[in-house]
Amino acid sequence: MKKGLTLLCLGLVLCACGRQTSGVKHIVVIGCDGFGAYAYHKAEMPNLKRLAADGAWSVKVRTVLPSSSAVNWASILLGAGPTLHGYTEWNSRVPEIPSAAISQYGKFPSIYTLLKEQLPQSKTAVVYSWDGIEFLLETDIIDFVIPTHADEDLAADTAAIIIKREKPTFTFIHFDDVDHVGHHIGHDTPEYYAALTQFDARIGRVVQAVKDAGIESETVIMLVSDHGGVGKGHGEKSLLEVETPFVISGAGIKKGHEIEGVVIDYDFAATMAQIFNLQTPQAWRGKAIEEVFATNK
Ligand SMILES: [Zn+2]
């Protein structure tokens, strides 16, 4: 029995060693527009809470200012703040401040740029229900660029099909409805929580697609948001607007870990780069969230 126990321990050790972040072949980033951290615990979101229980999470991620959409989605995907990438407003289509660095593909480098340059065989996808996303990215270098024009179910189903059929290296899916309800009915209202629960069902479909694709053991799933809100708006400086939730779950990620360190949303791109062992551009300012990794490299 003792020998059996020893073998079991050895097996666990080997198992733990095998959970290297470098073994991750796919990242799926699920973006929820307007998901304030204040709503995380109150919201009925079984799929997201399952990912968190099985991964690491925070309800204290900070946005950049203003606490608005384009400026923060840019920061999340481009690894730097607004005075560097240049997108400074809720609906920026071109940088209002000239980008401090330009990649060979024409814009401030994003996680897609790094994948194209350093993992040229990688397959990438962006599916987005808010059209504003496409102006932030070098869409020419992304294999699947699918706008769904505010159709959230189409976004979930399209992403699910692409994940199952193409098994992309990197997929970013943007959902807009939660922010929409925040603007039209109000944050922290029954309708807002209902929108979060509906969004959670779409998370479930994406997670199921990862399982159906047979890539669950080599995939990291992340939930990110661009800002919270108060009343019917956002963009200002209250913590209700500035704090967002974050969940990261999957291969090589700690389980049931509440993130203790400070996180700002441009740390996400650096975290993605670290998972794929990509070198980050000098112009990036984000830091990988080291404490989420089960095995530090
Ligand atoms: Zn908004």
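Because the structure is a prediction, the values reported are computed rather than measured. (Residues numbered from 1 in each chain as written. Predicted model: local features only at pLDDT ≥ 70, side-chain atom pairs only at ≥ 80, totals over all residues. Heavy atoms only, no water.)

**Q** What am I meant to see in the overall build of the protein here?
**A** When its secondary structure is counted, the protein shows 10 helices and 8 strands. Scaling as 2.2 N^0.38, a compact globule of 297 residues should have a C-alpha radius of gyration of about 19 Å, and the protein matches this with 18 Å. Along the first, second and third principal axes, the C-alpha set of the protein runs to 65 × 45 × 35 Å. Burial statistics for the protein: of 297 residues in total, 56% are counted as buried. Put simply, 70% of the contacts in the protein that link residues at least 6 apart link residues at least 24 apart. When the accessible surface of the protein is summed, it comes to about 12700 Å², and 55% of that surface belongs to carbon and sulfur atoms. (Helix = DSSP H or I, 4+ residues; strand = E, 2+ residues; numbered from the N terminus. Rg over C-alpha atoms; globule rule 2.2 N^0.38 Å. Buried < 20%, exposed > 50% of the residue type's maximum accessible area, 1.4 Å probe, protein only. Contact = heavy atoms within 4.5 Å. Areas by Shrake-Rupley, 256 points an atom, 1.4 Å probe, with all protein chains shown as cover.)

**Q** Please explain the coordination of the zinc ion as it appears in this structure.
**A** Tetrahedral metal sites with four donors have an ideal angle of 109.5 degrees; octahedral sites with six donors have ideal angles of 90 or 180 degrees. The coordination sphere of the zinc ion contains the protein donors Asp179 (OD), Asp179 (OD), His183 (NE2) and His234 (NE2), at a distance range of 2.1 to 2.5 Å. If you look at the zinc ion, its 4 donor atoms make angles of 55 to 144° with each other, and the shape they trace is irregular. Judged by relative accessible area, which is 8%, aspartate 179 ranks as buried. (Donors = N, O, S within 2.8 Å, 3.2 Å for Na, K, Ca; no water. Tetrahedral: all angles 85-135°; square planar, octahedral: opposite > 155°, others 65-115°.)

**Q** When you look at the packing of aromatic side chains in this model, what are you seeing that I'm missing?
**A** To describe a pair of aromatic rings, you give the distance between the ring centres and the angle between the ring planes. Using the criterion set out here, one finds 8 aromatic pairs in the structure. Note on tyrosine 38 and tyrosine 192: the rings are 6.0 Å apart at their centroids and 15° apart in plane angle, and the pair reads as stacked. A residue pair is termed long-range when its members are at least 10 positions apart, and tyrosine 38 in the loop between strand 1 (26-32) and helix 2 (46-53) and tyrosine 192 in helix 8 (residues 190-212) qualify at 154 residues. Seen from their ring centres, tyrosine 40 and tryptophan 57 are 6.0 Å apart, and the 15° between their planes marks the pair as stacked. Note that tyrosine 40 is positioned in the loop between strand 1 and helix 2 and tryptophan 57 in strand 2 (residues 55-62), a separation of 17 residues in sequence. Residue classification places tryptophan 57 among the buried positions, given a relative accessible area of 16%. Seen from the ring of tyrosine 40, lysine 49 lies directly overhead, with NZ or CZ sitting 5.1 Å from the centre. (Phe/Tyr/Trp six-rings, centres within 6.5 Å; stacked < 30°, edge-to-face > 60°. Lys NZ or Arg CZ within 6 Å of the ring centre and 35° of its normal.)

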